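Letter by letter, the chains look like this.
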Amino acid sequence: MEELWPVPSERVRELMRIVAERMLRSSDAIVEQMFDATQRETRYRAVVEDPVLAEGDRRMNRAYLIHWLTASIQNPGRRVPPCEDPETMRYARDLVRRGMDTDDLGSWRAGQRAAWRGWVEACFAATADHDELRELLEVSGYSITTFADDSMSALAAYVEEERVGLARGAHAERQTTVQLLLEGAPISRARAESRLGYALTGSHVGVIVWVDSADSAHMLEAAAERVMRACGAGRRLTLVASAASLWLWVPARTVPPVPVLDDALADLPGCRVALGRPGIDIDGFRRTHLDAAGAQRVLVRLGSGRRVARYEDVQLVAVMAADMAQAEQFVVDTLGDLATADAVLRLTVLTYVQERFNGSSTAELLFTHRNTIERRLNRANQLLPRPLADNATSVVAALMFLQLREGH
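Residues numbered from 1 in each chain as written. Predicted model: local features only at pLDDT ≥ 70, side-chain atom pairs only at ≥ 80, totals over all residues. Heavy atoms only, no water.

**Some words on unusual backbone geometry**
Where the residue is not glycine, phi is negative for most of them; where a peptide bond is considered, it is trans in most cases. Selection criterion: Secondary structure counts use DSSP, requiring at least four H or I residues in a row for a helix and at least two E residues in a row for a strand, with both numbered from the N terminus. The buried label goes to any residue with under 20% of its type's maximum accessible area, the exposed label to any with over 50%, and the partly exposed label to all in between, with areas taken from a 1.4 Å probe on protein chains only.
The phi dihedral of F357 is positive, around 60°, even though this residue is not glycine. By the secondary structure assignment, F357 is in the loop between helix 15 (343–354) and helix 16 (359–365). Since its relative accessible area comes to 39%, F357 is described here as partly exposed. At F367, a residue that is not glycine, the phi angle is positive and equals roughly 55°. With respect to the helices, strands and loops of the structure, F367 is situated in the loop between helix 16 and helix 17 (370–383).

See below:
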């Protein structure tokens, strides 16, 4: 590669190596700053709203930072070749599949600025010599900017190759049709059904199947098939949303219970499923998918260990999770000391309210004596800021939030 600036002095090369090694040790914090910046500045809302794409963005930021820092340790001050990390290429393919691009300059520059701020702080900590600092910042500025530009160009070329290949297949037509339906754009039923090979009449259940690691992606198809069977259907519309996720529509009228789905996925570790409420016709096709996406976001935002989420079960928490800071404060204000109490005590309160304040029914469900339930409820009222009977709706919402976050 052609060098675009003079070779730095030996002292500055050594300083660059020192700063890069320090930043490498604290790379996790810098990656999060870069990720937050790119998420704020991206023009593609799907990259923010889809947990799989958001995680891909985070991994790409990590890959680029580690690549540049490692190259700067090995050959400080020299032009760094573009990063061709497999995670980055996988993310680029995911964007192409979703009709997006990698030319989001605002997002690129936001990540670059975040990395540069961390680098500048580390440079000032490395030397107090004015001349050394000036040369160090000048050379590293050239290096970072050129690396970002070279990487954007290389990734754009790769994306173009992927787009050309994708256009030759049927997937592109299905992807375009689904996006039109989800956006509510005008498209005739006959044309959409012909492109999709799927009837839009009747009832649909939208499903998102995903894995947290691309290493488990080979299980996605098996998980999709089992979810379809659990819904009592014999066919499905499947769209490859990314390397780590599938979107499904299943012609079904009901959503299976969570235990049934958990059993179906028991031997597929790493696979997770979010399901929307059944929806009718074209409007239902759109709504049930948006429901499933909302249920998926709840699990990811709460860091929940649950493998299955039905929107009908998490709808209230989904509204709360839109603002995590306010949700956390709501839980503290509503539950008081009950928020940190034993999980069995919290489950008793939640079950009691859900059973319409029926102590006998609660005892039966929890396989516990009625007197034990009464003692637990008395204890809960001592911990709550307000009596349960006066604030039951808010208490249930807060307990459901905790339950999901803890993965129970």
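**Structural notes on the packing of aromatic side chains**
Going by this rule: Centre distance within 6.5 Å is the pairing criterion for rings of Phe, Tyr and Trp, where only the six-membered ring of Trp is used; planes under 30 degrees apart are then read as stacked, over 60 as edge-to-face, and the remainder as tilted. Should the NZ of a Lys or the CZ of an Arg lie within 6 Å of a ring centre and within 35 degrees of the ring normal, that charge is described as sitting over the ring.
Evaluation of the coordinates by the stated rule reveals seven aromatic pairs. Geometrically, the ring pair formed by Y64 and W108 is edge-to-face, given 5.5 Å between the ring centres and 75° between the ring planes. Residue Y64 is located in helix 4 (residues 51–74), and its partner W108 is located in helix 6 (residues 105–126); the two are separated by 44 residues in the primary sequence. For the pair shown, Y64 and W108 are each scored as buried. Put simply, the rings of Y64, W108 and F147 pair up and form one aromatic cluster. The residue whose ring lies beneath R58 is F35, and the NZ or CZ to ring-centre distance is 4.0 Å.

**Notes on the UniProt feature "domain: PucR C-terminal helix-turn-helix" (unreviewed entry) in the protein chain**
The following threshold applies: UniProt positions are given in the numbering used here, feature names are shortened, and annotations may be inferred rather than shown by experiment.
In this numbering, the UniProt entry assigns the feature "domain: PucR C-terminal helix-turn-helix" (unreviewed entry) to residues 346–399. Helix makes up 70% of residues 346–399 and strand 0%, with an end-to-end C-alpha separation of 7 Å.

**Some details on the pattern of salt bridges**
This is how the line gets drawn: The working definition used for a salt bridge is a side-chain nitrogen of Lys or Arg within 4 Å of a carboxyl oxygen of Asp or Glu.
Inspection of the entire model under this criterion finds 23 salt bridges. Note that D131 and R134 form a salt bridge whose closest N and O atoms lie 3.4 Å from each other. Here D131 pairs with R134, and both are found in helix 7 (residues 130–167), just three residues apart, close to one helical turn. Judged by relative accessible area, which is 52%, R134 ranks as exposed. E312 is paired through a salt bridge with R310; the nearest N and O atoms lie 3.6 Å apart. Note on R310: relative accessible area 14%, which makes it buried. Members of the salt-bridge network, linked through shared partners, are E32, E55, R58 and R59.

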